[in-house]
Amino acid sequence: MAADHPHPVRVNISHPLGNLIGFAMGVTIVFLFLASYSIDWGVGWMVWVPSAIAIIPASHLMRRRILHRRDGYFDLEQGWLMRRARSFPADDLSIELLPTAGLWAVVVHRQGAAWPIATWVTRQRANRVCAVLDGSAPNGAWPRRDPILPNGDR
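Residues numbered from 1 in each chain as written. Predicted model: local features only at pLDDT ≥ 70, side-chain atom pairs only at ≥ 80, totals over all residues. Heavy atoms only, no water.

Observations regarding the environment of alanine 24
- By the element assignment, alanine 24 lies in helix H1 (residues 16-36).
- Alanine 24 sits in the partly exposed class, given a relative accessible area of 39%.
- A C-alpha to C-alpha distance of 9.6 Å links alanine 24 and methionine 62, two positions 38 residues apart in sequence. (Helix = DSSP H or I, 4+ residues; strand = E, 2+ residues; numbered from the N terminus. Buried < 20%, exposed > 50% of the residue type's maximum accessible area, 1.4 Å probe, protein only.)

Topic: the pairing of strand S6 (residues 103-110)
- Extensive coverage of S6 is indicated by the burial of 6 of its 8 residues.
- Pairing between strand S5 (residues 94-100) and S6: 7 bridges, direction antiparallel. Bridged to glutamate 96 within S6 is valine 107.
- Here S5 folds back onto S6 in antiparallel fashion, the turn holding 2 residues, of which alanine 101 has a positive phi close to 50°. (Pairing = 2+ DSSP bridges.)

Section: the confidence of the model for the protein
- This prediction gives the protein a mean pLDDT of 82; 90% of its residues lie at or above 70.
- Summarising per-element confidence for the protein, the mean pLDDT is lowest in strand S4 (residues 84-89) (79) and highest in S6 (90). (pLDDT = per-residue confidence, 0-100.)

With respect to the environment of aspartate 92
- Structurally, aspartate 92 can be placed in the loop between S4 and S5.
- Looking at aspartate 92, the relative accessible area reads 48%, which means it is partly exposed.
- Each C-alpha atom, one on aspartate 92 and one on tryptophan 120, is 25 Å from the other, the two residues being 28 residues apart in sequence.
- Not counting the four nearest positions on each side in its chain, aspartate 92 is found in contact with His109, Arg110, Gln111 and Trp142. (Contact = heavy atoms within 4.5 Å.)

A look at the sheet that holds S4
- Here 4 strands make up an open sheet; going across it, the order is S1-S2-S3-S4 and the pairing antiparallel. Because the sheet does not close on itself, it has two edges, and the strands there are strand S1 (10-12) and S4. Strand-to-strand twist across the sheet, computed as the mean angle between neighbouring axes with direction ignored, equals 15°.
- As defined by bridge partners, strand S2 (residues 65-70) adjoins strand S3 (residues 73-78) across 6 bridges and the pair is classed as antiparallel. Bridged to histidine 68 within S3 is aspartate 75. (Axes fitted to C-alpha atoms, helices over the stretch in contact; angles between N-to-C directions.)

Points about the packing of aromatic side chains
- All told, the structure shown has 3 aromatic pairs when counted by the stated rule.
- Between phenylalanine 88 and tryptophan 115, the ring centres sit 5.0 Å apart and the planes meet at 15°, which makes this aromatic pair stacked. One end of the pair, phenylalanine 88, is in strand S4; the other, tryptophan 115, is in strand S7 (residues 113-121), with 27 residues separating them in the sequence.
- In this structure tryptophan 115 comes out as buried when scored by relative accessible area, which is 18%.
- In this structure, arginine 123 is placed above the aromatic ring of tryptophan 104, and the distance from its NZ or CZ to the ring centre is 4.5 Å. (Phe/Tyr/Trp six-rings, centres within 6.5 Å; stacked < 30°, edge-to-face > 60°. Lys NZ or Arg CZ within 6 Å of the ring centre and 35° of its normal.)

Here's what the structure looks like:
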């Protein structure tokens with residue numbers, strides 16, 4: 001199958017540096033929770049709230065995301081221990097590249113549905129994901145969508 005396609009059949013979306021940053025954030029969060037027990041409760045909650053919110057980006061940075069191409073479908077696998085996979089047909093797609101906080105997101109649209117494939121990735125990694133997606137396009141590349149910007153950004 002790899003000989004039929006000029007692009008790889010599997011692309012790793014997550015990056016080891018992101019995993020390391022997420023792990024460091026997680027360790028910092030644990031230490032902040034532990035340190036908050038040695039101070040007064042009124043001050044301790046001011047540590048708990050930001051730490052609880054910081055769990056969200058830390059957990060997203062630590063997860064592994066891989067995009068596979070198989071016969072007529074794409075599989076997006078994510079997670080470490082309990083992996084979750086999402087499959088979608090590799091036909092009639094359009095791709096949208098969105099700038100996100102200095103990095104990029106790749107969103108796939110199909111018949112009114114939208115799936116974020118890669119978020120918080122570099123432009124190079126976003127282009128690699130698009131190349132894997134384009135590898136199954138009937139005429140070499142899926143159509144690209146222009147991002148819809150908020151009124152204040154126009």
